[in-house]
Amino acid sequence: MFSDCRFGLVKYRGREYTSDIVVHVDGTVTPRKKEISRRKHGTSHLMAEEELEELKTENPDCIIIGSGIYGALETEFRSAVVLPTCEAIERYNDEKRRGRRVAAIIHVTC
């Protein structure tokens, strides 16, 4: 579960992250693959749908995108819940408490 959210930092399972992360259905964390969006859009501040492909193979009930503290990260998603990061981690925690299989991509700045 997430326990802290502020500009440049989120805390998940007691560990602080200062870079964008992907939280997989099994709870493991990997760095966000920003290069996918950079190749497609020339920037990592417009997230490409292709960034979700790996998570979709995990068959989540829900994918949540934290679009930055101020919600500035743009997305082109139809298949995910997109919220400003602090709201996104609250939603993630709520979904986990309900026993749902949840995955997330969390942007820690903007």
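Residues numbered from 1 in each chain as written. Predicted model: local features only at pLDDT ≥ 70, side-chain atom pairs only at ≥ 80, totals over all residues. Heavy atoms only, no water.

Enquirer: Provide a residue-level description of the packing of aromatic side chains, including the pertinent values.
Expert: Given two aromatic rings, their pairing is described by the distance between the two centres and the angle made by the two planes. Evaluation of the coordinates by the stated rule reveals four aromatic pairs. Both rings, one in F2 and one in Y12, keep their centres 4.8 Å apart while their planes meet at 55°; by these two values the pair is tilted. In this pair, F2 sits in strand β1 (residues 2–6) while Y12 sits in strand β2 (residues 9–12), placing the two residues ten residues apart along the sequence. Both residues of the pair, F2 and Y12, count as buried. Centroid distance F7 to Y70: 6.0 Å. Interplanar angle 35°. Geometry classified as tilted. (Phe/Tyr/Trp six-rings, centres within 6.5 Å; stacked < 30°, edge-to-face > 60°. Helix = DSSP H or I, 4+ residues; strand = E, 2+ residues; numbered from the N terminus. Buried < 20%, exposed > 50% of the residue type's maximum accessible area, 1.4 Å probe, protein only.)

Enquirer: Residues and numbers for unusual backbone geometry, please.
Expert: Phi at R13 takes a positive value of approximately 50°, unusual for a residue other than glycine. Along the chain, R13 turns up in the loop between β2 and β3 (15–17). The backbone of C110 shows a phi angle near 45°, a positive value even though the residue is not glycine. Considering the arrangement of structural elements, one finds C110 in the segment after β10 (102–107).

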